[in-house]
Amino acid sequence: MYVAVKGGEKAIDNAHALMRSQRRGDSKVAELSVEQIRQQLPLAVDRVMNEGSVYDPELAALALKQASGDAVEAIFLLRAYRTTLPRFGYSEPLDTENMQIERRISGTFKDLPGGQILGSTYDYTHRLLDFALLAEGEAPSSPAEGSCTEAGELEDSLCELEACPRVLELLNKEGLIEQSRQPGEADETPRDLTREPVNYPAERAVRLQNLIRGDEGFLLSLSYAAMRGYGDSHPFAGEMRTGRVSVELVPEELGFPIEIGEVLVTESEMVNQFHGSKEQPPQFTRGYGLAFGRAERKAMSVALVERALRAGELGEEVLYPTQDQEFVLSHTDCVSANGFVSHLKLPHYVDFQSELEMIRRLRREIDTGESSARQANESSEEDNRR
Amino acid sequence: MSVANQQDPTTQADAQAARQRWMGILAKASSDDLQQQWQALQLEPEYQFIRKPETGLTMLRGRLGGAGQPFNFGEMTLTRCAVRLSSGTLGVSYIAGRDKQHAITAALADALLQEADTATLLQNTLITPLAEKQAAQVQARAAAANSTKVDFFTLVRGED
Amino acid sequence: MAVISNTLIAGFNDPVQDAQQVFRAALKAMSEPGTLMACSFTKEAPEGLDNSSWQLALTLFDADTKVWLSPALAQNDAVISNLRFHCQCPLIDNTAEADFALCNADELPFLADFNWGNAEYPDQSTSLIVQVPAISDEPFWTLTGPGIETQRSLRIAGLPEHFRADLIRSRQRFPLGIDTFYCCGDQLVALPRTTQIEEAC
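Asks: So what exactly am I meant to see when it comes to the pairing of strand E3 (residues 100–105) of chain A here?
Replies: Remark: a regular strand shows side chains that alternate across the two faces of the sheet. Residues and elements named next belong to chain A. Of all six residues making up E3, six are buried, and the element is well covered by its neighbours. As judged from the five bridges shared by E3 and strand E5 (residues 236–249), these two strands associate in the antiparallel manner. From the neighbouring strand, Arg-104 faces E5, where its bridge partner is Arg-241.

Okay, structure coming up:
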């Protein structure tokens with residue numbers, strides 16, 4: 001419990017002014033524009049969009065600038081802004097199978113229909129600091145306009161990408177993996193945790209929505225724990241793909257779907273063994289992750305934790321925190337977590353004063369208890385001597 | 001529905017498909033490209049706002065496992081607008097992002113594309129160039145991705 | 001039924017500002033029950049709707065609110081098309097599921113047919129918007145309760161007798177109950193479930 005305090009207006013104004021000037025840094029250095037952040041720190045922008053749960057790169061870049069680069073603060077800003085906007089309905093489910101792919105890899109099959117496409121990646125880099133960037137050298141050109149053209153490969157690469165069916169469908173043909181839906185199953189309207197509070201046990205759609213807006217670090221650590229022995233998880237990266245997906249919605253006045261734009265998303269499908277149960281033969285099960293932007297670590301972590309949380313419904317024993325819905329889902333949100341930890345900075349003067357009083361009283365009681373015991377002892381010794 | 005109800009079903013379906021196409025192209029065009037092409041047309045249609053441009057959110061949905069039941073993915077900013085020409089034709093736009101001018105221009109273009117005397121002009125001088133530009137971007141992105149296509153070789157681990 | 005485009009009329013001139021002003025008026029009407037408010041942020045309303053009920057709809061209805069319309073309104077193309085176009089609200093047939101009900105006074109169903117909320121969430125009840133032929137502060141009803149310093153008088157014309165009787169009796173089930181708005185032209189008045197009503201004559 002904290003109490004209201006008054007005063008300090010001037011000091012707070014000054015503290016904010018100081019924060020603004022610290023954010024600006026040395027005025028001899030050119031100011032960073034929102035567009036520069038959007039263009040040149042896109043992975044930071046993607047994280048803010050994911051946990052802010054709003055796809056708008058410009059707003060996420062603005063939030064990052066305003067928050068001096070603090071992701072959690074930026075996410076808070078975006079969440080707050082989100083509440084000021086009306087909601088104009090729901091999109092049609094994204095068709096990620098028909099994504100315009102810029103990266104696609106599989107850890108389970110070497111040869112895939114459509115091939116493996118590395119896209120832009122930090123994998124295979126040597127993780128050595130690149131001092132050319134410090135020297136503000138020329139930006140390297142992309143392969144499409146650079147080296148490939150020179151090597152005369154442009155003609156080859158100009159051909160449209162081949163169709164890229166889902167990797168896990170290869171296993172589906174053999175019936176070795178669970179179906180993502182039964183044939184002829186009708187769509188159900190998913191519940192929205194921003195409109196209705198989560199009740200436990202939560203259904204899969206709500207769990208996934210929660211994880212996607214969850215803190216990346218928390219999910220990454222949970223999935224690490226699940227693989228290290230606190231979750232009985234032995235996953236394979238079935239497929240990961242990044243690319244553009246068209247967004248469609250059906251306006252009431254038209255009654256047919258129209259495209260309103262595109263979103264860049266990363267999708268991860270994890271494969272896990274499943275030993276089978278009385279009803280089901282041994283087969284592979286899936287964990288699914290989806291994230292805004294180029295966010296592989298996030299998408300994979302979501303997929304791993306998503307699978308761990310399915311333990312109960314797959315008839316596996318729920319032994320670890322990573323498999324416990326209430327533990328995981330109620331602690332994913334960085335805005336809630338940050339709020340709760342930060343609130344300790346608020347005045348708790350009265351609370352603390354009462355605890356202080358109590359400790360003093362207890363100490364007094366102990367002291368007086370001890371001294372009276374000592375007195376009693378001494379007097380009894382005296383008695384003995386007599 | 002704004003398309004005349006007397007038309008036979010196939011023409012109506014064609015008209016709908018055509019409208020879906022141009023609305024998608026108008027939405028996906030960059031605001032700068034759209035305004036440039038639009039201003040070059042020097043059209044000044046009379047219109048009334050039925051819905052002033054307003055920005056809000058749409059909840060994007062995905063499917064569990066990519067193809068299963070729908071789930072709520074996260075929201076996206078969206079700006080929409082509706083105009084009515086003096087002829088009574090209604091033009092509508094729904095555009096990802098927060099650009100109100102983009103939404104107004106797209107709604108006006110949607111209305112004029114439904115009008116017999118402006119449809120061809122707009123199709124040729126607005127939609128076609130924007131579509132070509134978008135197709136080129138898709139090509140360029142595909143080319144960049146294709147240049148990173150990889151064949152992994154499995155090395156046989158020696159037993160002896 | 002699809003939206004019929006030639007029945008569509010313009011919504012708010014300035015959607016954000018105007019909706020906030022109307023929301024403020026609705027809030028004042030609810031927090032000071034029986035106070036007559038005027039809302040004139042739209043020039044016209046769809047044929048069949050009062051200007052004030054149309055503005056309430058533009059302000060309060062959206063894709064997440066289920067709306068029930070009384071029979072004459074539910075058959076009115078202009079009303080349906082404009083609500084669906086401007087508000088995207090799902091229109092439903094079952095009064096018990098309604099978040100909002102928009103009714104003509106002479107078509108009011110029994111109050112018991114609406115959702116009264118439940119003990120955990122009394123706020124989930126149906127909010128009722130009734131279009132009436134006249135509203136005035138003539139002495140007919142005497143109102144007391146939160147938001148009224150001593151008492152206030154109100155006369156709402158055209159309400160069926162069963163509805164008036166049920167509304168007065170419904171106070172016994174507090175905190176369950178139905179909050180009500182009454183609209184006539186630009187005028188707006190509200191009677192939340194906390195207001196005690198006595199028939200003066």
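Still more ground to cover, so stick around.
Asks: Would you mind going over the sheet that holds strand E1 (residues 37–38) of chain C with me for this structure?
Replies: Sheet strands line up and pair through hydrogen bonds in the backbone, either parallel or antiparallel. Residue and element names in this part refer to chain C. Read from one edge to the other, the open sheet built from seven strands follows the order E1-E9-E8-E5-E4-E2-E3, with strand pairing classed as mixed. Two strands in the sheet have a free side with no partner beyond their single neighbour: E1 and strand E3 (91–92). Pairing geometry for strand E4 (residues 100–104) and strand E5 (residues 127–131), over five bridges, is parallel. Paired with Cys-103 across the bridge in E5 is Val-130. Set on the sheet, helix H1 (residues 15–31) makes contact with E1, strand E8 (179–184) and strand E9 (187–191); between it and E8 the angle comes to about 120 degrees.

Asks: What exactly am I supposed to notice about the pattern of salt bridges here?
Replies: All told, the structure shown has 48 salt bridges over all chains when counted by the stated rule. Here A:Arg82 and B:Glu75 are joined by a salt bridge, their closest N and O atoms 2.3 Å apart. With one member in each of two chains, A:Arg82 in helix H5 (residues 71–82) and B:Glu75 in strand E2 (residues 70–85) form a pair that bridges those chains. Neither residue differs from the other here; A:Arg82 and B:Glu75 are each classed as buried. One salt bridge connects A:Arg286 with A:Glu169, and the closest N-O pair in it is separated by 3.6 Å. You can see A:Arg286 sitting in strand E7 (residues 283–292) and its partner A:Glu169 sitting in helix H9 (residues 168–173), a full 117 residues away along the chain. On the accessibility criterion, A:Arg286 (2% relative accessible area) is buried. The network of salt bridges with shared partners includes A:Glu97, A:Arg166, A:Glu169, A:Glu267, A:Glu269 and A:Arg286.

Asks: Help me understand the interface of chain B and chain A in this model?
Replies: Interface size is commonly expressed as the accessible surface area that is lost when the partners come together. Of the residues lining the interface, 56 residues belong to chain B; the matching set on chain A comes to 78 residues. Together, the buried faces of chain B and chain A total about 6200 Å²; carbon and sulfur atoms form 59% of this surface. At the junction of chain B and chain A, the tally comes to eight salt bridges. A salt bridge links B:Arg98 to A:Glu58, with the shortest nitrogen-to-oxygen separation between them at 2.5 Å. The tally of links between chain B and chain A comes to 35 residue pairs in polar contact (both at pLDDT 80 or more). Taken together, the elements giving at least two residues each to the side of chain B that touches chain A come down to helix H1 (9–28), strand E1 (47–63), E2, strand E3 (90–96), helix H4 (116–146) and strand E4 (149–150) of chain B. It is E1(B) that contributes the most residues to the side of chain B that touches chain A, 11 residues altogether. Taken together, the residues of the side of chain B that touches chain A sort by class into 26 nonpolar, 19 polar and 11 charged. Relative to E4(B), strand E4 (residues 116–117) of chain A is paired through two bridges, and the arrangement is antiparallel. Bridged to A:Gln116 within E4(B) is B:Val150.

Asks: Where do I start with the confidence of the model for chain C in this structure?
Replies: Taken as a whole, chain C shows an average pLDDT of 94; of its residues, 99% reach a score of 70 or greater. The complex prediction reports pTM at 0.87, with the ipTM value standing at 0.91.

Asks: What am I meant to see in the packing of aromatic side chains here?
Replies: Scanning the entire structure with this criterion turns up nine aromatic pairs over all chains. Taking 6.1 Å as the distance between ring centres and 75 degrees as the angle between the ring planes, the aromatic pair formed by C:Trp68 and C:Phe114 counts as edge-to-face. A residue pair is termed long-range when its members are at least 10 positions apart, and C:Trp68 in strand E2 (residues 67–69) and C:Phe114 in the loop between E4 and E5 qualify at 46 residues. On the basis of relative accessibility, which here comes to 4%, the residue C:Phe114 falls in the buried class. Put simply, the rings of A:Tyr55, A:Tyr288, A:Phe292, B:Phe71 and B:Phe73 pair up and form one aromatic cluster. In this arrangement the basic side chain of C:Arg155 is found over the ring face of C:Phe140, its NZ or CZ atom lying 5.6 Å from the centre.

Scoring rules and cut-offs
Residues numbered from 1 in each chain as written. Chains lettered and ligands numbered in written order. Predicted model: local features only at pLDDT ≥ 70, side-chain atom pairs only at ≥ 80, totals over all residues. Heavy atoms only, no water. Buried < 20%, exposed > 50% of the residue type's maximum accessible area, 1.4 Å probe, protein only. Helix = DSSP H or I, 4+ residues; strand = E, 2+ residues; numbered from the N terminus. Pairing = 2+ DSSP bridges. Contact = heavy atoms within 4.5 Å. Axes fitted to C-alpha atoms, helices over the stretch in contact; angles between N-to-C directions. Salt bridge = Lys/Arg side-chain N within 4 Å of Asp/Glu carboxyl O. Buried area = accessible area lost by both parts, 1.4 Å probe. Polar contact = N/O pair within 3.5 Å; in protein donor to acceptor, adjacent residues only side chain to side chain. Nonpolar A, V, L, I, M, F, W, Y, C, P; charged D, E, K, R; others polar. pLDDT = per-residue confidence, 0-100. Phe/Tyr/Trp six-rings, centres within 6.5 Å; stacked < 30°, edge-to-face > 60°. Lys NZ or Arg CZ within 6 Å of the ring centre and 35° of its normal.

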